[in-house]
Amino acid sequence: MTLSHDVLIVGGGGAGLRAAIAVVEDDPRLTVAIVSKVYPMRSHTVSAEGGAAAVIRPDDSLDEHAYDTISGGDWLCAQDAVEVFVKEAPEELLRLEHWGCPWSREPDGRVAVRPFGGMKRMRTWFAADKTGFHLLHTLFQTSLRYERIARYDEWYVTKLLVDDGRVAGVVAVELMSGRIEAITAKAVILCTGGCGQIYPFTTNAAIKTGDGMGLAYRAGAPLKDMEFVQYHPTGLPFTGILITEAARAEGGWLINKDGYRYLQDYDLGTPSPTPVLRSMELGPRDRLSQAFVKEVEKGRTVDTPYGPIVHLDLRHLRETVIDARLPFVRELCRSYENIDPVRELIPVRPVVHYMMGGVHTDIYGATPLEGLFAAGEVACVSINGANRLGSNSLPELLVFGARAGVAAASFASGAQDLAIRPAVRAQVEDERRRLERDLLQRDGGKEPISAIREEMRATMEEGAGIYRSGSSLAKAADRLRVLQERFRSVRLEDRSRTFNTELLAALELSFMLDVAETIVHCALLREESRGAHQRVDFPARDDHRFLANSLVYRDADGSRRVEYPPVTITRWPPGERVYGR
Amino acid sequence: MVDRIILRVTRYRPESDTEPMTQEHEIPLRKDWSVLDGLNHIKDHLDGTLSYRWSCRMGVCGSCGMTVNGEPKLTCATFLGDYAPGPVRVEPLSNFPVVRDLVVDIGDFMRKLPRVKPWLIRSEQEPPAVGEYPQLPAEREEYEQFSMCINCMLCYAACPVYALDQEFLGPAAIALAQRYNLDSRDQGASERMDVLSEADGIWACTFVGECSAVCPKDVDPAGAIQRYKFTAAMDSLKALLLPRGAR
Ligand SMILES: Cc1cc2nc3c(=O)[nH]c(=O)nc-3n(C[C@H](O)[C@H](O)[C@H](O)COP(=O)(O)OP(=O)(O)OC[C@H]3O[C@@H](n4cnc5c(N)ncnc54)[C@H](O)[C@@H]3O)c2cc1C
Ligand code: SF4
Ligand code: FES
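Residues numbered from 1 in each chain as written. Chains lettered and ligands numbered in written order. Predicted model: local features only at pLDDT ≥ 70, side-chain atom pairs only at ≥ 80, totals over all residues. Heavy atoms only, no water.

- With an unreviewed UniProt entry as reference, chain B is termed Fumarate reductase iron-sulfur subunit, source organism Planotetraspora phitsanulokensis.
- Taken verbatim from the UniProt record of chain B, the Sequence similarities (unreviewed entry) comment is "Belongs to the succinate dehydrogenase/fumarate reductase iron-sulfur protein family."
- Per UniProt, the comment on chain B under Catalytic activity (unreviewed entry) is "a menaquinone + succinate = a menaquinol + fumarate". (UniProt positions renumbered as here; feature names shortened; annotations may be inferred.)

- In the nomenclature of an unreviewed UniProt entry, chain A is known as Fumarate reductase flavoprotein subunit of Planotetraspora phitsanulokensis.
- As its UniProt record puts it under Subcellular location (unreviewed entry), chain A is described as follows: "Cell membrane".
- Per UniProt, the comment on chain A under Subunit (unreviewed entry) is "Part of an enzyme complex containing four subunits: a flavoprotein (FrdA), an iron-sulfur protein (FrdB), and two hydrophobic anchor proteins (FrdC and FrdD)."

**Some details on the overall build of chain A**
- Looking only at helices and strands, chain A features 15 helices and 22 strands.
- The C-alpha radius of gyration computed for chain A amounts to 23 Å, which stays within 12% of the reference 25 Å derived for 581 residues, consistent with globular compactness.
- C-alpha atoms of chain A, sized along the principal axes, occupy 70 × 55 × 50 Å.
- Expressed as a percentage of the 581 residues in chain A, the buried residues total 69%.
- Long-range contacts, defined here as pairs at least 24 residues apart, represent 74% of the contacts in chain A between residues at least 6 apart.
- If you sum the accessible surface of chain A, you get close to 18,500 Å²; carbon and sulfur atoms cover 50% of it. (Helix = DSSP H or I, 4+ residues; strand = E, 2+ residues; numbered from the N terminus. Rg over C-alpha atoms; globule rule 2.2 N^0.38 Å. Buried < 20%, exposed > 50% of the residue type's maximum accessible area, 1.4 Å probe, protein only. Contact = heavy atoms within 4.5 Å. Areas by Shrake-Rupley, 256 points an atom, 1.4 Å probe, with all protein chains shown as cover.)

**Some details on the site of ligand 2**
- Near ligand 2 the following residues occur: Cys149, Ile150, Asn151, Cys152, Met153, Leu154, Cys155, Ala172, Cys215, Pro216, Val219 and Pro221 of chain B.
- Of the residues in the shell around ligand 2, the class split is 11 nonpolar, one polar and no charged. (Near = heavy atom within 4 Å. Nonpolar A, V, L, I, M, F, W, Y, C, P; charged D, E, K, R; others polar.)

**Focus: the packing of aromatic side chains**
Residues and elements named next belong to chain B.
- Here the structure, examined in full by the defined rule, presents 12 aromatic pairs over all chains.
- Residues Phe96 and Tyr156 carry aromatic rings whose centres are separated by 6.4 Å and whose planes lie at 45° to one another, so their mutual orientation is tilted. Taken together, the positions of Phe96 in the loop between strand S5 (88-91) and strand S6 (98-100) and Tyr156 in helix H4 (residues 154-158) put the pair 60 residues apart, joining distant regions of the chain. Taken as a pair, Phe96 and Tyr156 share a single burial class, namely buried.
- For the pair Tyr156 and Tyr162, a centre-to-centre distance of 5.0 Å together with 90° between the ring planes defines the contact as edge-to-face. Take Tyr156 and Tyr162: they sit in the same class, and that class is buried.
- An aromatic cluster of at least three residues, connected via ring pairs, comprises Phe96, Phe109, Tyr156 and Tyr162.
- Taking the ring centre of Tyr133 as reference, the NZ or CZ of Arg122 above it sits at 3.7 Å. (Phe/Tyr/Trp six-rings, centres within 6.5 Å; stacked < 30°, edge-to-face > 60°. Lys NZ or Arg CZ within 6 Å of the ring centre and 35° of its normal.)

**Describing the site of ligand 1**
Residue and element names in this part refer to chain A.
- The immediate surroundings of ligand 1 are formed by 39 residues, with Ser43, His44, Thr45, Gly51 and Glu377 found nearest.
- Between ligand 1 and Glu49 there is a distance of 3.3 Å, counted from a nitrogen atom to a backbone nitrogen or oxygen.
- Within the backbone of Val157, one N or O atom sits 2.9 Å away from a nitrogen atom of ligand 1.
- The set of elements that each furnish at least two residues to the shell around ligand 1 consists of helix H1 (14-26), strand S2 (32-36), strand S7 (155-163), strand S15 (346-355) and helix H10 (393-414).
- Taken together, the residues of the shell around ligand 1 sort by class into 13 nonpolar, 20 polar and six charged. (Polar contact = N/O pair within 3.5 Å; in protein donor to acceptor, adjacent residues only side chain to side chain.)

**Re the UniProt feature "binding site: substrate" (unreviewed entry) in chain A**
All names here are of chain A.
- When the UniProt feature table is mapped to this numbering, "binding site: substrate" (unreviewed entry) covers His232, Thr244 and His353. Separation in sequence by 122 residues is not matched in space for these annotated residues, since their most distant C-alpha atoms are only 11.1 Å apart.
- The residue Thr244 is located in the loop between strand S11 (229-235) and helix H6 (246-249) in this model.
- Non-local contacts of Thr244, meaning those with residues more than four positions away in its chain, are made with Glu49, Gly50, Phe116, Asp129, Leu326 and Val329.
- Only 3.0 Å separates the side chain of Thr244 from the backbone nitrogen of Ala246, close enough to count as a polar contact.

Written out as structure tokens, the structure reads:
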């Protein structure tokens, strides 16, 4: 049996669903399908809390949104991409409103906006503090009206098929039955999200294992700016569950063990009782997470069984504000920390949150590999540069999801039918053999999946965390090499074809190891400090050598090659990042 | 010494088992561990072949519904400490075919969803350039509760009507229809009424209220169904009593 579509989208989160709708609306003749390892409405977009940024108020301007984004990204953003992004974001959020998204409202019925970190104006649209949940369900439910969007729910993509330099489809496993199939397509859009699971403490869901980055990288497409990993300053200590930045935007304070608003010591402004934009608690995430590490060094944090923490204080906001604007924060604190933020302090620590890097694309979502597109967190256009601003990711999913959909549709309608050629057939057979013989029927493996995974996570936190150095990274690279070796004798005991989640865990781990290696490798080579990439041995930004994106390729022999094309600068020459003054 | 607790987990592998059986594991009892953390401990350290679904571990993706000591629960938001000293019984959700171990087949719900047209219906779709459709905070509140459903299927597992009649649309699907019906921007209530007033729609519900009792997001599907029945009854009453023009 051959499964075949004109456009195949891998991933049913915000980016994938938006792309699918763009394809069907763009060209009624095309067939389109979404493959997703979980039901689309379970995708990680569902967890996003705080909001989505787009200029809507008369006192705001596209240029200001662009400047906040570019300075927030420490001048590593592609400025042409940022200009497209800020221009199309309002239209995308309005479209979502027309599709029924329950945005929170002003008393007069207009869409409400809230402040957010690193943004100089109020431009973050929100649906209480369940923005991602509402955005994802609205997109999913809207997608149901298009019968032409076919779905492969709970299918796991293991490989991209490449025919003579052009993408020809994927190989995927249906979890329910275990059958392994090729799904061919003229164009493939990767919308598989990020890879926070590479680290031990993360806000990211279990499914965020970097599969799409691994798929693209193995197929020869380059990954961009992988060394830039965002730590969110306020995660719950044991679970890593996120306490949204909206909590600070509504007026929450970060205090150390002495009850002191310590951010004032880190060039982020002076404390004021009510929130000031681009200042103190509303500074950018990289700077806030770095300040935490300095507080630990000064001995001013609180020790807990899960490591040092500081406190987020919402008590002065009172119950009414918390219940109206931050009900999910209260729910999460009660369930997972057994505290009530109306009366108690919330323990928080920086946790891995977002990948600025990803599969390299142009502003149409096209990768250098013909027929392969990418959008959402898996991709790197880059509008996020060296540090993403909170609430820029959700509009990014929509803007570039739609763009990738349109570009893939026009590519597919111009492309010839791909006959499945022997070379592709051979790839499918190889992949089938790998999955069936090497993994499902493997004997004698001795390395437990969880042991390798835990060791990888510890390696990344220790070697490639908020602060890194040449020696910490070199050590991490060595440890990862050993882990890759150990993975070759991974132990698999589940022989069942039906919903084999052990096989899945092994495949995910393998993608994570590959992606982790690119992070460490690019971090080692970037001898400067910029945004989320802080090298203690190279503490300053170096525009002379590194006003450039890193592009890492995997060569046919498995070795890595990194190139440094210059950053696209249109109107904003590199400057100093100023917050709170 | 770490406290310990026993987890009794249902195992079922269709290829080799003729019927489900129970497996027992003793695991550490930590005060902040959810039932899901317990299952993850088993999978990572005791038996890698156990299968179940999970993702967000923060009660919002809707993947991890299972039966815990006889009640449908989100395992990531249900804590082992509340069941001490144990043992804790973890089984797949009721009323769905079991695929394997703790994984059930929710395909039936996924096929029902589009039938209630869970999207905004307008007589004319305007372009985004016209700006937002205004909606007052009070109008938003009208449907907010019904928009909070995470499709976790706990209500289907608890519903005695669904247990007997799998054709019944069920609590979450009806609540979702109501979510759009009550949205001041929507104009599709009459289209949805056709589906909902079929035999398998709202009238099948005998108002037991179990669905609302187990819902982890306070969606109150039973309330949605009640309200809907009332509207439908009023509509047919009007149709009987009033002359055509006045309806
Ligand atoms: C807790 C949290 C809160 C956040 N809050 C905000 C916020 O307030 N504002 C904001 O702008 N951003 C926020 N973000 C960031 C933002 O939510 C994410 O970047 C974004 O949702 C990613 O969406 P996506 O569509 O790219 O991927 P996802 O939603 O992660 O979807 C990935 C999809 O790919 C599929 N997939 C992956 N691998 C495979 C495979 N191998 N085979 C088949 N399918 C596969 C999955 O099934 C899934 O459907 C937040 C992030 C987190 C973690
Ligand atoms: S109504 Fe409640 S119980 Fe039912 S699926 Fe939705 S969230 Fe779950
Ligand atoms: S894991 Fe997402 S709801 Fe429990």
